[in-house]
Amino acid sequence: MQEVISDIDKDRLLTEREKLLTIIKARTNNPTVELEIIVNEKLVPPKERPLTKQERFQNIVNQNPSLQKLQENFGAKLID
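Residues numbered from 1 in each chain as written. Predicted model: local features only at pLDDT ≥ 70, side-chain atom pairs only at ≥ 80, totals over all residues. Heavy atoms only, no water.

### Some thoughts on the pattern of salt bridges
As a reminder, the rule being used: Salt bridges are counted wherever a side-chain nitrogen of Lys or Arg sits within 4 Å of a carboxyl oxygen of Asp or Glu. For the exposure calls, accessible area comes from a 1.4 Å probe over protein chains only, and a residue counts as buried if that area is under 20% of its type's maximum, exposed if over 50%, partly exposed in between.
Enumeration over the complete set of coordinates arrives at 4 salt bridges. Of the charged contacts, one joins Arg17 and Glu18 as a salt bridge, the two residues approaching to 3.7 Å between their closest N and O atoms. Under the relative-accessibility criterion, Glu18 is labelled exposed at 54%. Here the residues in one salt-bridge network are Arg17, Glu18 and Glu34, joined through shared partners.

Here it is in structure tokens:
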């Protein structure tokens, strides 16, 4: 059994199915091996929402706190 995340992946695997089975059967010396393909959308990682400019800036400041001082010294503001 092989799980894939979408019908597109399933179709791609199906086009190569016979080649794969031939190789697997030969290497395992088992002519009765079968390949079952299941679409499992739960394998797809959840999409994260995009960060706002403020959140991106805060992530950068967390890595380099001196940027916060630069912003304050120059009175810079984030433009949306």
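### Some details on the side chain of Gln71
Quick note on the threshold: Under the DSSP-based scheme used, a helix requires at least four consecutive residues in state H or I and a strand at least two consecutive residues in state E, with every element numbered from the N terminus. By the convention used here, residues are in contact when the closest approach between their heavy atoms is within 4.5 Å.
Position of Gln71 relative to the elements: it lies in helix H4 (residues 66-74). Those residues within four positions of Gln71 in sequence are excluded, and the remaining contacts are Phe57, Ala76, Lys77 and Leu78.

### Some words on the confidence of the model for the protein
Under the convention used in this document: The pLDDT value tells you how sure the predictor is about a given residue, anywhere from 0 up to 100.
Averaged over the protein, the pLDDT score is 84; the fraction of residues at 70 or greater is 98%. Mean pLDDT values for the elements of the protein range from 81 in strand E1 (residues 2-4) up to 90 in helix H2 (residues 17-28).

### Describing the packing of helix H3 (residues 53-63) against H4
Definition in use: Fitting a line to C-alpha atoms yields each axis, with helices limited to the stretch in contact; the angle taken between N-to-C directions then spans 0 to 180 degrees. Angles are sorted into four bins: roughly parallel if under 35 degrees, roughly antiparallel if over 145, roughly perpendicular if 65 to 115, and oblique for all others.
One can describe the packing of H3 onto H4 by two numbers: an axis separation of 6 Å at closest approach and a directional angle of 120°. Between H3 and H4, the crossing angle belongs to the class labelled oblique. Along the contact surface, H3 presents Phe57, Ile60 and Val61, while H4 presents Leu67, Gln68 and Gln71.

### Considering the side chain of Asn40
Inclusion rule: In the analysis that follows, any N or O atom pair within 3.5 Å is treated as a polar contact, provided that within protein one partner can donate a hydrogen and the other can accept it, and provided that, for residues neighboring in sequence, both atoms belong to side chains.
By the element assignment, Asn40 lies in the loop between strand E2 (37-39) and H3. Classification of Asn40 by relative accessible area gives buried; the value is 18%. Within the structure, Asn40 has its side chain in polar contact with the side chain of Glu3 (distance 3.3 Å). Not counting the four nearest positions on each side in its chain, Asn40 is found in contact with Glu3, Val4 and Ile5.

### Observations regarding the nonpolar core
Definition in use: In plain words, nonpolar cores are sets of buried Ala, Val, Leu, Ile, Met, Phe, Trp, Tyr and Cys residues tied together by side-chain atoms within 4.5 Å.
Grouped together as the largest cluster of nonpolar side chains are 6 residues: Val4, Leu13, Leu21, Val33, Leu35 and Ile37. Residues contacting Val33, with those up to four places away along its chain left out, are Leu21, Ile24, Lys25 and Thr28.

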